[in-house]
Amino acid sequence: YNIEQVKQLLQVSKNTPIYLEIMFAVLMGMRISEINAIKYSDIDYVNKRLHASIQLGKDLRIDPTNLKKKTITKQEKKMKTKNSKRWLDIPDILFNAIIEQRVIYDKNKRRRINDKHNPFVDENYICCSTYGHSRSRGFHYNYYKEIIKRANLPYIRFHDLRHTYTTILVKANFSVKAISQILGHSNEIITVDVYTDKLQIIQDCLELLNPYIEKILPSRKNTKFIDCTKVQLNDYFSKFV
């Protein structure tokens, strides 16, 4: 998708069960297995960063007969490579959506705390059901197809949103080495001078990400931000909000 199509996708997906999943995919280039594994404890609320360290899926090392029903494809697994474990900066609009979702999470938890038949499962996943259950790998599929249809967009796989993210950055002349690191690739897409400072490359790329976010999601006036006690938010994208 191009910028305008991504914007349309986000607008139509709002208020659907997979809005956050789509945002993680198109604004941070994350895989669905990584998205489903994100927990509130993975968020650095001071610096507005996310630590991607595990993924959810089917663990072939575990005997499925020893697992609870409907959890076979929801096992926490190691990342594909050591490069897949990474810290990522979170755009303001997504960070705010995470905070808002946390309020909903806590509300659901309080409401079902005494439910003896179907109690809340407090596993701390950001993308979860109203009962706290983690999402299966295919949960998004039907919702995603319906969103694509309503948005009048050509169908692409959910995983291709990661490709969209990458293509937009490449076309904007971002550092390809930095892009490969953000995506968690095991190998760099192209060879870069070995004397280039890795940290500086990533920082330069983060500064370039701001206009990309602004093009997709223009400033929202009168947005009410939730005050996080004793937390000073370091807004990487503040000048574009």
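Coordinates for the structure precede this section.
Structural notes, computed from the coordinates. (Residues numbered from 1 in each chain as written. Predicted model: local features only at pLDDT ≥ 70, side-chain atom pairs only at ≥ 80, totals over all residues. Heavy atoms only, no water.)

**Side note on the side chain of Gln 55**
- For Gln 55, the position within the fold is in strand S3 (residues 54-57).
- Accessibility expressed as a relative area gives 9% for Gln 55, which makes it buried.
- There is a polar contact of 3.0 Å between the side chain of Gln 55 and the side chain of Ser 33.
- Apart from residues lying up to four places away in sequence, Gln 55 is in contact with Ser 33, Glu 34, Ala 37, Gln 75, Glu 76, Lys 77, Lys 78, Met 79 and Lys 80. (Helix = DSSP H or I, 4+ residues; strand = E, 2+ residues; numbered from the N terminus. Buried < 20%, exposed > 50% of the residue type's maximum accessible area, 1.4 Å probe, protein only. Polar contact = N/O pair within 3.5 Å; in protein donor to acceptor, adjacent residues only side chain to side chain. Contact = heavy atoms within 4.5 Å.)

**Considering the environment of Arg 86**
- Locating Arg 86 in the fold gives a position in strand S5 (residues 86-89).
- Given the relative accessible area of 6%, Arg 86 is considered buried.
- Excluding anything up to four places from it in sequence, Arg 86 contacts Met 30, Arg 31, Glu 34, Leu 50, His 51, Ala 52, Met 79, Arg 162, Gln 181, Ile 182, Leu 183 and Gly 184.
- A polar contact of 3.0 Å, which involves the side chain of Arg 86, links it to the side chain of Glu 34.

**Notes on the sheet that holds strand S2 (residues 49-52)**
- Spatially, 3 strands are ordered S1-S2-S5 in an open sheet, and the strand pairing comes out antiparallel. Strands at the two margins of the open sheet, each flanked by one partner only, are strand S1 (43-44) and S5.
- Direction of pairing for S1 relative to S2: antiparallel, over a ladder of 2 bridges. Its bridge partner being in S2, Ile 43 is matched across the sheet by Leu 50. (Pairing = 2+ DSSP bridges.)

**Quick word on the packing of helix H2 (residues 19-28) against helix H4 (residues 92-111)**
- As a packed pair, H2 and H4 sit with axes 11 Å apart at the nearest point and diverge in direction by 155 degrees. Considering the angle they form, H2 stands roughly antiparallel to H4. Two packed elements cross with a definite hand, and for H2 against H4 that hand is left-handed. Judged by residue contacts, Leu 20, Met 23, Phe 24, Leu 27 and Met 28 of H2 engage Ile 93, Leu 94, Ala 97, Ile 98 and Gln 101 from H4.
- Here the contact of H2 with H4 is built from residues that sort into 9 nonpolar, 1 polar and no charged. (Axes fitted to C-alpha atoms, helices over the stretch in contact; angles between N-to-C directions. Parallel < 35°, antiparallel > 145°, perpendicular 65-115°, else oblique. Left-handed = near helix turned anticlockwise from the far one by under 90°. Nonpolar A, V, L, I, M, F, W, Y, C, P; charged D, E, K, R; others polar.)

**Remarks on the pattern of salt bridges**
- Under the definition given, this model contains 9 salt bridges.
- Between Lys 39 and Glu 76 there is a salt bridge, with its nearest N and O atoms 2.9 Å apart. One end of the pair, Lys 39, is in the loop between helix H3 (32-35) and S1; the other, Glu 76, is in strand S4 (residues 75-78), and 37 residues separate them in sequence.
- For Glu 76, a relative accessible area of 38% translates into the label partly exposed.
- Between Asp 92 and Lys 48 there is a salt bridge, and its shortest N-O distance comes to 1.8 Å. Placement of Asp 92 in helix H4 and of Lys 48 in the loop between S1 and S2 is noted, with a sequence separation of 44 residues between them. Just as Asp 92 is buried, Lys 48 falls in that class too.
- Taken together, the shared-partner salt bridges connect Arg 31, Glu 34 and Arg 86 into one network. (Salt bridge = Lys/Arg side-chain N within 4 Å of Asp/Glu carboxyl O.)

**Regarding H4**
- Its 20 residues place the ends of H4 29 Å apart at the C-alpha level, agreeing with the 28 Å of an ideal helix rising 1.5 Å per residue.
- Considered for burial, the residues of H4 that qualify are Asp 92, Ile 93, Leu 94, Phe 95, Asn 96, Ala 97, Ile 98, Ile 99, Tyr 105 and Asn 108.
- Contact partners of the buried residues in H4: H2 and S1. (Expected span 1.5 Å × (residues − 1).)

**Here's the deal with the environment of Ile 156**
- Considering the arrangement of structural elements, one finds Ile 156 in the loop between helix H5 (140-150) and helix H6 (160-171).
- Given the relative accessible area of 18%, Ile 156 is considered buried.
- Separated by 155 residues in the primary sequence, Ile 156 and Tyr 1 have C-alpha atoms spaced 8.5 Å apart.
- Not counting chain neighbours up to four residues away, the residues in contact with Ile 156 comprise Tyr 1, Tyr 144, Leu 161 and Thr 164.

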